[in-house]
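# Descriptive structure summary
If you want the building blocks of each chain, they are given just below.
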Amino acid sequence: MTSTSSPSRKALSKIACNRLQKELVEWQVSPPAGFKHKVTDNLQRWVVEVVGAPGTLYASETYQLQVDFPEHYPMEAPQVIFLHPAPLHPHIYSNGHICLDILYDSWSPAMTVSSVCISILSMLSSSTVKQRPADNDRYVKNCRNGRSPKETRWWFHDDKV
Amino acid sequence: MAAEEQEVRMEVEAVQAVYGDDCEIIHDFPPHLHVHITPRTADDSSQQFVEAILGILCDAQYPQKPPHVHIVDSKGLDENREKHLITTIENKAKELSSCLMLVALCEEAVELLSDMNHPEGNCPFCLYPLLVEDQSGTFAPFMKLMSCYHCFHSECIIRWWKWLQNEIIDSKQCDSTISTSAGNQREMEQQQQQNCPVCRKLFDAKDIEHILDYAGTNSSQPTDVIVEMDGDERKFLECESENNRRQQFESLLKLQQENSGLIEPRKEIVVVPGMYLPTTVMPTLAAIDAADEQHLDSGSTAPEAVDLNIPSNKATTSKHRDMNTRRKNRNHSSRRQPNVYPNRTQWIKKEAVSSDP
């Protein structure tokens, strides 16, 4: 099952719109290395293609990130998930949810889609094993109703990967 | 050989004499120094947007071989400007090769930083340039956090600040049942310190309060956001006699306004676009007032614990009367400036769409 829920159906505020348009322009001028924004006319949902960095476990594998923006972005964090199939990684659940503190508690409005993408790629690159999180099955079962990862109470215990 | 060493040692003494406490000697000989370099602003830190601690590491061949120069720490400098600083100093060092050059290199750094002494780049919130000119050729006001020198448009950082205050109030309402006096104190501390959105360095609420006043939002407003009332107070404010009284005051105020017999703060000239808003270390009078008021307000739940750092707790009773009038003023101001409130509620956190049962 792919998670397609979005954190908020509410339209973007004017401030969020301005900021996202600005981010999109920046992205087109200098996209983060290894990422490609798939062009749509939907400013509120970006689909970004990521290619694993050379010399890492995910080298030349391609995955897709889905970024949904809430009404009050960037005060609120965007919801970022991997579309199916999600990479095998100790912090990425099979439903695409990503356990990464900056997407939840540690979000700061000074971050951008671009900086989030770079963090995710760095998380992938530093992995030493291709495996699912230990509690994958339990977690994915709990999310069956299309629950957003932003409603999860995450425990961030590992700063190595 | 010994004479040369003597000369180098004397040069280190000279650097120390020039820079005083700003020069830290890591190692005597061969010299290794950390020098705190600031732009020439006559020691006015509010006019300072950059600074750097330069590490200067010489080896035994100095001054025949130029020292290694690196940045130990810096504020307000991005990667490019740091690189520019280092390469220019290294070039200078090559130029002066075989002369004693430590003081000259430090002076070069002071010159460079004085040239760079302006904020650069975009506001981290809206991503538009900090110094953005509008049609009339003026600049939007911006401010700087004193702890890290990160700069933001005043309007953008205030919007964020209010959003955080609302989030704190939201979470307070959620767990009001478990609020103890100790918990209140912890929350108070949280409200008075925040992390810089860019580098997460802690800064004081006082750093930002002075622009809460500037930004056209009424001075009573920031505290208004924080104020919490207990049930009794609310009941009192909503009772009939209070409502009548308020109506009476409102009609009086209206009368006064109509007869132009009222001197009000002229909000529209508080912030002139392009006006530079210096971040003073001293909180403004209004900020002190606000802090006092906050303490007193929480006094209803923890009267003993909060008075510790208020110097003027001798006049508690008059302060309380004072506070009551201020509260009334706030009611008036909310009526007078309805534009303030939509602004505030605009950022109220929306409940996430809950999952199906």
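Owing to the predicted nature of the structure, the values given are computational and were not obtained by experimental measurement. (Residues numbered from 1 in each chain as written. Chains lettered and ligands numbered in written order. Predicted model: local features only at pLDDT ≥ 70, side-chain atom pairs only at ≥ 80, totals over all residues. Heavy atoms only, no water.)

## Thoughts on the UniProt feature "active site" (unreviewed entry) in chain A
Residues and elements named next belong to chain A. Here is the rule we go by: UniProt positions are given in the numbering used here, feature names are shortened, and annotations may be inferred rather than shown by experiment. Helix and strand assignments follow DSSP, with helices taken as H or I runs no shorter than four residues and strands as E runs no shorter than two, numbered in order from the N terminus. Residue burial is assigned from relative accessible area. The probe radius is 1.4 Å, only protein chains are included, and a residue is buried under 20% of its type maximum, exposed over 50%, and partly exposed in between. Note on definitions: a residue-residue contact is assigned when non-hydrogen atoms from the two residues lie within 4.5 Å.
Per the UniProt annotation, the sites labelled "active site" (unreviewed entry) are C99. You can see C99 is positioned in the loop between strand 4 (79-82) and helix 2 (113-125). By relative accessible area, C99 is classed as buried at 13%. Setting aside chain neighbours within four positions, we find C99 in contact with H91, Y93, M123, W154, W155 and F156.

## Quick notes on the packing of aromatic side chains
Convention followed: Side-chain rings of Phe, Tyr and Trp, where Trp is taken by its six-membered ring, are said to pair if the distance between their centres is within 6.5 Å; with planes under 30 degrees apart they count as stacked, over 60 as edge-to-face, and otherwise as tilted.
This structure, assessed with the given rule, holds 11 aromatic pairs over all chains. Aromatic pair F49 of chain B and F142 of chain B: ring centres 6.1 Å apart, planes at 50°, arrangement tilted. In this pair, F49 of chain B sits in the loop between strand 2 (32-37) and strand 3 (51-57) while F142 of chain B sits in strand 5 (residues 142-144), placing the two residues 93 residues apart along the sequence. The burial state of F49 of chain B is the same as that of F142 of chain B; both residues are buried. An aromatic cluster is present here, built from W27, W46, F69, Y73 and W107 of chain A joined pairwise through their rings.

## Comments concerning the packing of helix 1 (residues 2-19) of chain B against helix 3 (residues 102-115) of chain B
Residues and elements named next belong to chain B. Put simply, the test is: Lines are fitted to the C-alpha atoms to define the axes, a helix being fitted only along its stretch in contact, and any angle between axes, read from their N-to-C directions, falls within 0 to 180 degrees. Any residue that is not Ala, Val, Leu, Ile, Met, Phe, Trp, Tyr, Cys, Pro, Asp, Glu, Lys or Arg is counted as polar, Gly included; the first ten are nonpolar and the last four charged.
For the pair helix 1 and helix 3, interaxial distance at closest approach is 9 Å and the crossing angle is 30°. Here E11, V12, A14, V15, V18 and Y19 of helix 1 come into contact with helix 3, specifically with L102, V103, C106, E107 and V110. Among the residues making up the contact of helix 1 with helix 3, the classes are represented as nine nonpolar, no polar and two charged.

## Considering the pattern of salt bridges
Definition in use: For this analysis, a salt bridge means a side-chain nitrogen from Lys or Arg found within 4 Å of a carboxyl oxygen belonging to Asp or Glu.
Applying the stated criterion across every chain yields a total of 13 salt bridges over all chains. Across the salt bridge formed by E26 of chain A and K22 of chain A, the nearest N and O atoms sit 4.0 Å from each other. On the criterion of helical spacing, the pair formed by E26 of chain A and K22 of chain A is a turn pair, its members being four residues apart in helix 1 (residues 14-29). Given a relative accessible area of 18%, K22 of chain A falls into the buried group. For K206 of chain B, the salt bridge is made with D204 of chain B, and the minimal N-O distance between the two is 3.5 Å.

## Points about unusual backbone geometry
In this chain, H84 of chain A is followed by P85 of chain A through a cis amide linkage whose omega measures 0°. Residues F29 of chain B and P30 of chain B are joined by a peptide bond in cis, for which omega reads -10°. With respect to the secondary-structure elements, P30 of chain B resides in the loop between strand 1 (23-27) and strand 2. Within the chain, S98 of chain B stands out as a residue other than glycine whose phi angle is a positive 70°. Tracing the backbone shows S98 of chain B in the loop between helix 2 (79-95) and helix 3. Phi is positive for L127 of chain B, close to 70°, though the residue is something other than glycine. Along the chain, the position of L127 of chain B falls in the loop between helix 3 and strand 5.

## Description of the pairing of strand 2 of chain B
Residue and element names in this part refer to chain B. Spelled out, the test is: Two strands pair under a simple rule: DSSP has to find at least two bridges between them.
Burial analysis of strand 2 places five of its six residues in the buried class, the great majority of the element. As judged from the four bridges shared by strand 1 and strand 2, these two strands associate in the antiparallel manner. Looking at strand 2, one finds that E24 is bridged to H34. The antiparallel pairing of strand 1 with strand 2 creates a hairpin that spans four residues between the two strands. Note that strand 2 and strand 3 share six bridges and pair antiparallel. From the neighbouring strand, H36 faces strand 3, where its bridge partner is I53.

## Notes on the sheet that holds strand 3 (residues 62-68) of chain A
Residue and element names in this part refer to chain A. Overall, antiparallel pairing links the four strands, which are arranged 1-2-3-4 in an open sheet. Two strands close off the open sheet at either side, each with one partner strand: strand 1 (35-38) and strand 4. Mean inter-strand twist for the sheet, computed between neighbouring axes without regard to direction, equals 25°. Summarising the sheet, strand 2 (residues 45-51) and strand 3 pair through seven bridges and their orientation is antiparallel. What sits directly across from E49, in strand 3, is Q64. Against the sheet, helix 1 contacts strand 1 and strand 2, and its axis sits at roughly 25° relative to strand 2.

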